[in-house]
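Analysis of the macromolecular model
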Amino acid sequence: MSRPKTRGGSLPLFKLFWTSLKSHASTVFPLGKIRFNLVRDLIGVAFLLFQFSMVVYARFVPSRYFCWAPNDYMVDYNLQVLLDGHVLNARESFRRYRLPEGGYQAPVQHIIDIVRQYEQTYGKNDHARIVMRYRVNGREEKEWHWPAD
Amino acid sequence: MALASGLNLFTKSFLNPLRCAGQDLAPNVLLMAKLVALCLLLKGFWFKLPEPFLPFLSILDHVGSPALFQGALQIAFVASAVSLLFNWRVQVSCLVLGSTILLGILSSRPFYENNTLFCACLLLMAALQRPGGKPWLLRWQVATVYFGAGLNKLADVDWRSGQFFQNWVVGLHHQALYTKIATWLPGLLLSQIMSWATILIELSLFIGFLAPRFYGLAIWGNITFQTALLFSTGKTFGKFYYAMLASSLVFVDWPKNDLTVLYDGDCDFCAKLRRFFKRFDLEGGFRWARLQGTQTDGGASEDSLRGRLRLLNGRSVYVGFEAVKMLLLYNPLTYFLLLLMLMAPQPSFFAYRRWVAVTLLALFSPLFGPLGDALYDRATGNRHCLPRRQRQNPTPAVI
């Protein structure tokens, strides 16, 4: 189908718009490009600043999210989960929270955050009672309870 | 014949995943992104992308069907990784790939791992890279990782006292040799030394990756440090080892123009080397010229260069074994092969990856230079000259 050769209607308007856009493109485009690059840089810098601030923030809290503390901790732990009067076995407990069996290479606070968040949201109506026994870096054994005593 | 010419056309085309030149990203940055993407694909990472489960942002618990969310992440991941490998919209691919991984992390706390986050950050920074500009965002990203790691260790009492190291090496990895040496020294002295050495190395690498004059040292420090960790523990820490080594590429001053390689036209061994390297030069980044009749700079006599390759990269000149090494290091194909070698599955009865890593590090390190030169000279020492007919035509043709 050939293009209708109308002189009126929307086609001339579109042509006018396109011609105008093209004529301004050479002046507008470099500015757009500069702005685009600037926005790119700003996003990148903001992302880096976020990481730096998390590195500093980590000095004041026990968790280590987004702050580059890879494998700086070794936690040996086991979970005892009491649910509706019966105790889950080790595998069931780990699967409930999708936690790795046989050691966790991150601060123990990360395990606590996971268990606590689960019990406050998905498992809110389970009324689970949890005891976690753990050792950090081979030091003395400690316990953490949910709900808190 | 048609198949062969088709294959040849493909290897030279921009769609060839082994090619990295001629795109919006600098070849070394694109190569880094591709190596990370390939590593993720080979690890079957898309299977591990989670559905929303205990997300960092509670809004992700309300995005609709968890299975659909997970499926969308997986499709976006595979599509962007494949398009990145095949050089299609490389920066958009990096953006989608990095964002997909980051979204996966944000949607599940148990999924959070430093090595996964590092891969996402590298890809996102590559996406934000200005075309034609220096990859300073990526460089700062790598430096930030070492800053965070070094500072956290420095602030941790178990790292300062050596307690972590002792538990990690002796209790967890059961290193017999380490345990034996540790017993000769009082208390946790050896572990303390190792801990402080790690802290100093990480903080030095942070500084080294910030100062351009130390880039060379920092690159070697980074690769050696990560390989030492792999060697001592046998672990790559997920994708961290591969991603960290790949990230070293962003500190490399990758040549912008073709490199000239001068070779001895009368040397059989050199001719073989030329054929070998030309076959695998998918970017066409090397121009080969006969040494005979070509003006050599620096006053080196033609005789002293006989049988020795000579690679010219701006004002840098590499001769003999060093030239062979640089021919490999300036070819993206080498890095894909190294990645495949290091990621190859290893049998449970012989964990050979650590040995491969150490051997490769030794081969490419400056320390191997003298031995490499001796081996190279031995190989060229047995060269036999080509027939006179060929020697009478010493045209300095660039091939």
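1. Things to note about the environment of B:Ala76
Residue and element names in this part refer to chain B. Inspection of the secondary structure assignment puts Ala-76 in helix 4 (residues 66–85). Here the alpha-carbon distance between Ala-76 and Val-90, two residues 14 residues apart in the chain, equals 14 Å. Sequence-distant contacts of Ala-76, defined by excluding residues within four places in its chain, comprise Val-96 and Thr-100.

2. Re the sheet that holds strand 4 (residues 316–319) of chain B
Residue and element names in this part refer to chain B. A sheet is described by the order of its strands in space; here four strands give the open sequence 2-1-3-4, paired in mixed fashion. What marks the edges here is a single partner per strand, and that holds for strand 2 (286–290) and strand 4. With direction set aside, neighbouring strand axes in the sheet form an average angle of 20°. Two strands pair when backbone bridges link them, and strand 3 (residues 310–313) and strand 4 are joined in this way by four bridges, in the antiparallel orientation. Across the sheet, the residue bridging to Arg-310 is Val-319, located in strand 4.

3. Here's the deal with the pattern of salt bridges
Summed over the entire model, instances satisfying the criterion amount to 12 salt bridges over all chains. In this structure, A:Arg96 engages A:Asp126 in a salt bridge whose closest nitrogen and oxygen atoms are separated by 3.0 Å. Placement of A:Arg96 in helix 2 (residues 90–97) and of A:Asp126 in the loop between helix 3 (108–120) and strand 3 (129–136) is noted, with a sequence separation of 30 residues between them. Note on A:Arg96: relative accessible area 12%, which makes it buried. Among the charged side chains, a network of salt bridges with common partners joins A:Asp72, B:Lys153 and B:Glu202.

4. What about the side chain of B:Arg139?
Residues and elements named next belong to chain B. Note that Arg-139 resides in helix 7 (residues 136–155). It is Asp-253 that comes nearest to the buried, bridge-free Arg-139 among opposite-charge side chains, at 6.1 Å. In contact with Arg-139, not counting residues within four places along its chain, are Lys-134, Tyr-215, Val-250, Phe-251 and Val-252.

5. Examining the packing of helix 7 of chain B against helix 11 (residues 189–208) of chain B
Residues and elements named next belong to chain B. Contact geometry for helix 7 and helix 11: axes closest at 8 Å, N-to-C directions at 150°. One way to sum up the angle between helix 7 and helix 11 is to call them roughly antiparallel. In this structure, helix 7 crosses over helix 11, and the sense of that crossing is left-handed. Residue-level inspection shows Ala-143, Tyr-146, Phe-147, Ala-149, Gly-150, Leu-151, Lys-153 and Leu-154 of helix 7 in contact with helix 11, the latter providing Trp-196, Thr-198, Ile-199, Glu-202, Leu-203, Leu-205 and Phe-206. For the contact of helix 7 with helix 11, a count of residues per class yields 11 nonpolar, two polar and two charged.

6. A closer look at the layout of surface pockets
Taken as a whole, the second largest pocket holds about 1000 Å³ of empty space. Taken together, 38 residues form the lining of the second largest pocket, with A:Pro100, B:Pro110, B:Tyr112, B:Glu113 and B:Asn115 sitting closest to its centre. The set of elements that each furnish at least two residues to the lining of the second largest pocket consists of helix 2 of chain A together with helix 3 (45–48) and helix 6 (114–127) of chain B. Considering each element in turn, the lining of the second largest pocket owes the most residues, three residues, to helix 6 of chain B. Per-class residue counts for the lining of the second largest pocket are 17 nonpolar, 11 polar and 10 charged.

7. So, the nonpolar core
Ranked by internal contacts, the top residues of the largest apolar core, which has 124 residues, are B:Met32, B:Leu84, B:Leu123, B:Phe209, B:Leu309 and B:Leu311. Broken down by element, this core gets its largest block of residues, 12 residues, from helix 2 (residues 27–42) of chain B. Contacts of B:Leu84, omitting those with residues within four sequence positions, involve B:Leu30, B:Ala33, B:Lys34, B:Ala37, B:Val90, B:Ser93, B:Cys94, B:Leu97 and B:Leu123. Counting residues in hydrophobic clusters, the runner-up holds 25 residues, among them A:Leu99, A:Ile111, B:Phe53 and B:Leu54.

8. Digging into the packing of helix 2 of chain B against helix 6 of chain B
Residues and elements named next belong to chain B. Taken N-terminus to C-terminus, the directions of helix 2 and helix 6 make an angle of 145°; their axes are 10 Å apart at the nearest point. Here helix 2 and helix 6 pass one another in a crossing that is left-handed. For the pair helix 2 and helix 6, the contacting residues are Val-29, Met-32, Ala-33, Val-36 and Leu-40 in the first and Cys-119, Leu-122, Leu-123 and Ala-126 in the second. Taken together, the residues of the contact of helix 2 with helix 6 sort by class into nine nonpolar, no polar and no charged.

9. Some thoughts on empty space enclosed by the protein
Throughout the structure, instances matching the rule amount to two cavities of 30 Å³ or more. Reported here for the largest cavity is a volume of approximately 40 Å³. Forming the boundary of the largest cavity are A:Asp41, B:Leu128, B:Gln129, B:Arg130, B:Gly133, B:Lys134, B:Pro135, B:Trp136 and B:Leu137. In the lining of the largest cavity, the residues fall into four nonpolar, two polar and three charged. Quantified by volume, the second largest cavity comes out at close to 30 Å³.

10. Describing the sheet that holds strand 4 (residues 142–146) of chain A
Residues and elements named next belong to chain A. Strand order in the open sheet made by the four strands is 2-1-3-4, with antiparallel pairing throughout. Looking along the sheet, the strands with just one partner apiece sit at the ends: strand 2 (86–87) and strand 4. Pairing geometry for strand 3 and strand 4, over five bridges, is antiparallel. The residue bridging Arg-133 from the neighbouring strand is Glu-143, located in strand 4. Packed onto the sheet, helix 2 meets strand 1 (75–83) and strand 3 and runs at close to 95° relative to strand 1. The strands that helix 3 touches are strand 1, strand 3 and strand 4; relative to strand 3, the one it contacts most, it runs at about 170°.

Conventions used here
- Starting from 1, residues in each chain are numbered consecutively following that chain's sequence as written.
- Here chains are named by letter from A upward and ligands by number from 1 upward, in the order in which they appear as written.
- Two thresholds apply to this predicted model, a pLDDT of at least 70 for residue-level local features and 80 or more for giving and counting side-chain atom pairs, whereas whole-chain, interface and lining totals are computed over all residues.
- Excluding hydrogens and water, the side-chain values take into account all heavy atoms of the structure.
- Counting from the N terminus, the helices are DSSP H or I runs at least four residues long and the strands are E runs at least two residues long.
- Note on definitions: a residue-residue contact is assigned when non-hydrogen atoms from the two residues lie within 4.5 Å.
- Any two strands with at least two DSSP bridges between them are considered paired.
- Every axis corresponds to a line fitted to the C-alpha atoms, with the helix fit spanning only the stretch in contact, and the corresponding angles, defined between N-to-C directions, vary from 0 to 180 degrees.
- We define a salt bridge as a side-chain nitrogen of Lys or Arg found within 4 Å of a carboxyl oxygen belonging to Asp or Glu.
- Categorising residues by exposure relies on relative accessible area from a 1.4 Å probe, with only protein chains included: less than 20% of the type maximum marks a residue as buried, more than 50% marks it as exposed, and the intermediate range marks it as partly exposed.
- In this tally, Lys and Arg are treated as positive and Asp and Glu as negative; His is ignored, and so are the chain termini.
- Orientation categories follow fixed angle ranges, with anything under 35 degrees roughly parallel, anything over 145 roughly antiparallel, 65 to 115 roughly perpendicular, and all other angles oblique.
- We call a crossing left-handed when the near helix sits turned anticlockwise from the far one by less than a right angle, and right-handed when that turn is clockwise.
- Three classes are used: nonpolar for Ala, Val, Leu, Ile, Met, Phe, Trp, Tyr, Cys and Pro, charged for Asp, Glu, Lys and Arg, and polar for all others, with Gly counted as polar.
- Within this scheme a cavity is a closed region of a 1 Å grid, computed over the protein atoms alone, that accommodates a 1.4 Å probe without allowing it to escape, whereas a pocket is open but has protein on both sides within 12 Å along at least five of seven lines; lining residues each have an atom within 4 Å of a point.
- Grid points are joined across faces, edges and corners, and a volume is the space filled by probe spheres set on the points.
- The nonpolar core is taken to be a set of buried Ala, Val, Leu, Ile, Met, Phe, Trp, Tyr and Cys residues, with the residues joined through side-chain atoms within 4.5 Å.

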